[in-house]
Amino acid sequence: MKSKPITLPPLSNGTSQQIDPAARRIVIVGANGSGKSRFTARMASDLGRRAFPLSVLHALYDRRHTASSASIIDKLYDEASANGMSSDPDSTQLERLMTLLMRDEMLNLIDYKLRHANDPTQTLAPTKLDEIINLWQEIFPDNKILIESGRMLFSRRIDEADDMYAAGKLSAGERAVIYYLGAITYAPKHSVVLVDSPEMFLHPTIMQSVWNRIELLRPDCTFVYTTHDLDFAATRSDAATVWVRSYDPSAATWDYAILPPDTAISDEIYAAILGARKPVLFIEGDGRHSIDAKLYSLIFKDFTVKPLGSCNKVIEATRTFNSLNSFHQMDSFGIVDRDRRDQKEVEYLRGKRIMVPEVAEVENILMLEDVVRAVASYCHKDPDRVFGRVKRSVIQQFSHDMQAQALLHTRHRVKRTVEYRIDGRFTSVGMLEEHIQQLFIDMNPRGLYKDFLHQFNGYKKEGDYAGILRVYNQKSMLPGSNVAGLCGLKSKEEYIAKILAILRGNSREAEMITEAIRTCFNISNTPQK
């Protein structure tokens, strides 16, 4: 049977997009409240008889169904009940499913006896229940299913029949697996199986295995997963991904986009897309412990701030996110520390929408002159006196570390030069040796070191506080400057906490700190496109 394309619900402009019929997996993602559940319900309605919805939440806990809300399983159960099968009107869909499976098993045995009673060479063909039991025991190898007196019983101790118990005593995750395995066997051929929250109740260690086995069980079907679980979405390789941005209930239309094919998309990008109602700002550090996330979320309030850890991740995520602009239609930027990058490196990154501050690292931002003055003023201290003493202390520390800092900058420049220029093609080891020797001469490490030392001496002699903050990577600078004590605070941590507390308010000092940090990034209001 030739597959038909799946037409998605209407867009806000009145058109609709289609999914290639070759796609066997479709993942629908979207933030909470974006309308993705309504989106899937509309898909099911438009698909008509091709749709086979699965909802484990309803299957495990809803005890009643009506003719209008009944699933295929409910309808099959009602038909069997009308034909004499004992039924329970208060049963859950899972219980009805298990009753259907046992009825079909019984009918299969009766049919076998009627057809082959006098032919012992004929074997009983595998049934739906056989498939389910085999898959169950693959997923839970230490568990066993026993059929007894028309019931399915379970055990976690394989050799002990007296340890058997009914399905009602299974965990929610185990019942979910039984439901999915059983329900999928009743899907009509070439169905579109629409799964709501496929990760619900499933432990991450078995989630991928469960759905891989279910898909293999029904290779004729197309699977549509509605989820906001990034781990699950990442397991559905080769899926067509639909991002539902928003829903207009008055017009019954959606704003959505289909991810371009053959696009690698990381968990970080998914997280940014799912959580974003605003432009995205990728930053270094983590969301709980790093200064970056705590500070930048207060400075760039018009952005969804997403910490990624390393600077390389920030650079790659910003590049990838911007390459998918036709999909998500949002602006994105990144922030990385300046560290020991030269001006060419900084300008290159800024050209790629990566913001780089005019200080070496995020801790130095907290030492900006206007930040120090603002905190001093807020703590009722003399800003001139506090900053004057901080400046003298920082210059003194820098003077002591000057040679070590010059060496670190030299090493960084040499490393970057080698990375850029060592990738030439060589036909012999001799040519490589010549290239390296010439590269060493061109780099002139000792000359670089002297140049850095001369530059740093200039900052010291001129008292160039801003210049020192731009090149000085030293975590101990903040506590060593005694800026916290000068502001009447007990520690570095208390100083940082005070800055964050000020930024959460609407004081003159909050405006002063915000403006100082934005100026440090060469911006006034927001990053420009």
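Every value quoted in this text rests on a predicted model; they were computed, and no experiment measured them.

**Student:** Can you tell me about the overall build of the chain, naming the residues and giving the values?
**Tutor:** Counting its secondary structure elements, the chain contains 23 helices and 15 strands. Scaling as 2.2 N^0.38, a compact globule of 529 residues should have a C-alpha radius of gyration of about 24 Å, whereas the chain reaches 32 Å, well beyond that. Over its C-alpha atoms, taken along the principal directions, the chain stretches across nearly 105 × 70 × 55 Å. Within the chain, the fraction of its 529 residues that count as buried is 48%. Considering only contacts in the chain between residues 6 or more positions apart, those separated by 24 or more positions represent 68%.

**Student:** Could you give me a rundown of helix 13 (residues 343-351), with the residues and numbers involved?
**Tutor:** By the burial criterion, the buried members of helix 13 are Glu 345, Val 346 and Leu 349. End-on view of helix 13: buried residues confined to an arc of 100°, all on one side of the axis. Turned more than 90 degrees off the buried face of helix 13, the exposed positions are Lys 344, Tyr 348 and Gly 351. You can read the cap of helix 13 off the contacts: a side-chain oxygen lies 3.2 Å from the backbone nitrogen of Lys 344, and it is on Asp 342. Count one or two residues on from helix 13 and you reach Arg 353, which has phi positive near 70°.

**Student:** So what's going on with unusual backbone geometry? Which residues, and what values?
**Tutor:** The backbone of His 190 shows a phi angle near 60°, a positive value even though the residue is not glycine. The class for His 190 is partly exposed, based on a relative accessible area of 30%. The backbone of Ala 252 shows a phi angle near 55°, a positive value even though the residue is not glycine. Tracing the backbone shows Ala 252 in the loop between strand 10 (240-248) and strand 11 (253-258). Among the residues examined, Ala 252 registers a relative accessible area of 27% and is labelled partly exposed.

**Student:** I'd like a rundown of the pairing of strand 11, residues and numbers included.
**Tutor:** Pairing of strand 10 with strand 11 involves 6 bridges; the strand directions are antiparallel. Looking across to strand 11, one finds that Trp 243 is bridged to Ala 257. What sits between the antiparallel neighbours strand 10 and strand 11 is a turn of 4 residues, in which Ala 252 has the positive phi angle 55°.

**Student:** Residue-level account of helix 23 (residues 508-520), with values.
**Tutor:** Along its 13 residues, helix 23 runs 18 Å from first to last C-alpha, staying within 8% of the 18 Å computed at 1.5 Å per residue. Along helix 23, the positions that sit buried rather than exposed are Glu 509, Ala 510, Ile 513, Thr 514, Ala 516, Ile 517, Arg 518 and Cys 520. Against helix 10 (291-299), helix 14 (362-365), helix 15 (369-378) and helix 22 (492-503) lie the buried residues of helix 23. A positive phi of about 60° marks Asn 522, the residue just after helix 23.

**Student:** If you had to explain the side chain of Ser 393 to someone new, which residues and values would you point to?
**Tutor:** Here Ser 393 lies in helix 16 (residues 383-421). A relative accessible area of 15% means that Ser 393 is categorised as buried. Apart from residues no more than four positions distant in its own chain, Ser 393 is found in contact with Gly 480 and Ser 481.

**Student:** An account of the nonpolar core is requested, with residue identities and associated values reported.
**Tutor:** By size, the foremost hydrophobic cluster in this structure holds 73 residues, and its most contacted members are Trp 136, Phe 154, Val 177, Ile 178, Tyr 179, Tyr 180 and Trp 211. It is helix 6 (residues 172-184) that contributes the most residues to this core, 8 residues altogether. Excluding residues within four positions of it along the chain, Phe 154 makes contact with Met 98, Trp 136, Lys 144, Ile 145, Asp 163, Met 164, Tyr 165, Ala 166, Ala 167, Leu 170 and Ile 178. With 63 residues, the next largest nonpolar core counts Phe 303, Ala 406, Val 471 and Cys 520 among its residues.

**Student:** Tell me about a nonpolar patch on the surface, residues and numbers included.
**Tutor:** There is a patch of nonpolar side chains on the surface, built from Met 106, Leu 107, Ile 110 and Leu 114 and spanning about 400 Å² of accessible area. Relative to the assigned elements, Leu 114 resides in helix 4 (residues 93-116).

**Student:** For the confidence of the model for the chain, give the residues involved together with the corresponding values.
**Tutor:** The share of residues in the chain with pLDDT of 70 or more is 92%, and the mean pLDDT across the chain is 87. Note on residues 525-529: pLDDT under 50 across the span, and 12 contacts to partners over four residues away in sequence or across chains.

**Student:** Please provide a residue-by-residue account of the pairing of strand 3 (residues 25-29), values included.
**Tutor:** Most of strand 3 sits out of view: 5 of its 5 residues are buried. Neither face of strand 3 is exposed, since Arg 25, Val 27 and Val 29 on one face and Ile 26 and Ile 28 on the opposite face are all buried. Note: strand 3 against strand 9 (residues 222-226), 4 bridges, orientation parallel. For Ile 26, the partnering residue across the bridge sits in strand 9 and is Val 224. With 4 bridges joining them, strand 3 and strand 10 adopt parallel strand pairing.

**Student:** Before we move on, could you go through the sheet that holds strand 15 (residues 354-355) and cite the residues and values that matter?
**Tutor:** Pairing is parallel across the open sheet formed by 4 strands, whose spatial order is 13-12-14-15. The two strands at the open ends of the sheet, each matched to only one other strand, are strand 13 (304-307) and strand 15. Sheet topology places strand 12 (residues 280-283) next to strand 13; 4 bridges connect them, and they run parallel. From the neighbouring strand, Val 280 faces strand 13, where its bridge partner is Thr 304. In the packing of helix 11 (residues 311-323) onto the sheet, contacts are made with strand 12, strand 14 (332-335) and strand 15, and the angle to strand 14 comes to roughly 170°.

**Student:** Which residues make up the packing of helix 10 against helix 22, and what values go with them?
**Tutor:** One can describe the packing of helix 10 onto helix 22 by two numbers: an axis separation of 9 Å at closest approach and a directional angle of 20°. When the axis of helix 10 is compared with that of helix 22, the two are roughly parallel. Of the two possible hands of crossing, helix 10 and helix 22 adopt the one that is left-handed. Here Ile 291, Lys 294, Leu 295, Leu 298 and Ile 299 of helix 10 lie close against helix 22, whose contacting residues are Ile 496, Ile 499, Leu 500 and Leu 503. Broken down by class, the residue content of the contact of helix 10 with helix 22 amounts to 8 nonpolar, no polar and 1 charged.

**Student:** Give me the lowdown on the pattern of salt bridges, citing residues and values where you can.
**Tutor:** The final tally for this structure, using the stated rule, is 20 salt bridges. The salt bridge involving Glu 215 is made with Arg 25; its shortest N-O contact spans 2.7 Å. Placement of Glu 215 in helix 7 (residues 204-217) and of Arg 25 in strand 3 is noted, with a sequence separation of 190 residues between them. In this structure Arg 25 comes out as buried when scored by relative accessible area, which is 16%. Its salt-bridge partner being Arg 508, residue Glu 509 comes within 3.6 Å of it at the nearest N-O pair. Judged by relative accessible area, Arg 508 falls into the exposed class, the value being 53%. Connected via shared salt-bridge partners are Arg 338, Glu 347, Arg 350 and Glu 358.

Cut-offs applied
Residues numbered from 1 in each chain as written. Predicted model: local features only at pLDDT ≥ 70, side-chain atom pairs only at ≥ 80, totals over all residues. Heavy atoms only, no water. Helix = DSSP H or I, 4+ residues; strand = E, 2+ residues; numbered from the N terminus. Rg over C-alpha atoms; globule rule 2.2 N^0.38 Å. Buried < 20%, exposed > 50% of the residue type's maximum accessible area, 1.4 Å probe, protein only. Contact = heavy atoms within 4.5 Å. Arc of directions from axis to C-beta. Polar contact = N/O pair within 3.5 Å; in protein donor to acceptor, adjacent residues only side chain to side chain. Pairing = 2+ DSSP bridges. Expected span 1.5 Å × (residues − 1). Core = buried A, V, L, I, M, F, W, Y, C linked by side-chain atoms within 4.5 Å. Patch = residues over 30% accessible without salt bridge, like charges linked within 9 Å, V, L, I, M, F, W, Y side chains within 5 Å. Areas by Shrake-Rupley, 256 points an atom, 1.4 Å probe, with all protein chains shown as cover. Salt bridge = Lys/Arg side-chain N within 4 Å of Asp/Glu carboxyl O. pLDDT = per-residue confidence, 0-100. Axes fitted to C-alpha atoms, helices over the stretch in contact; angles between N-to-C directions. Parallel < 35°, antiparallel > 145°, perpendicular 65-115°, else oblique. Left-handed = near helix turned anticlockwise from the far one by under 90°. Nonpolar A, V, L, I, M, F, W, Y, C, P; charged D, E, K, R; others polar.

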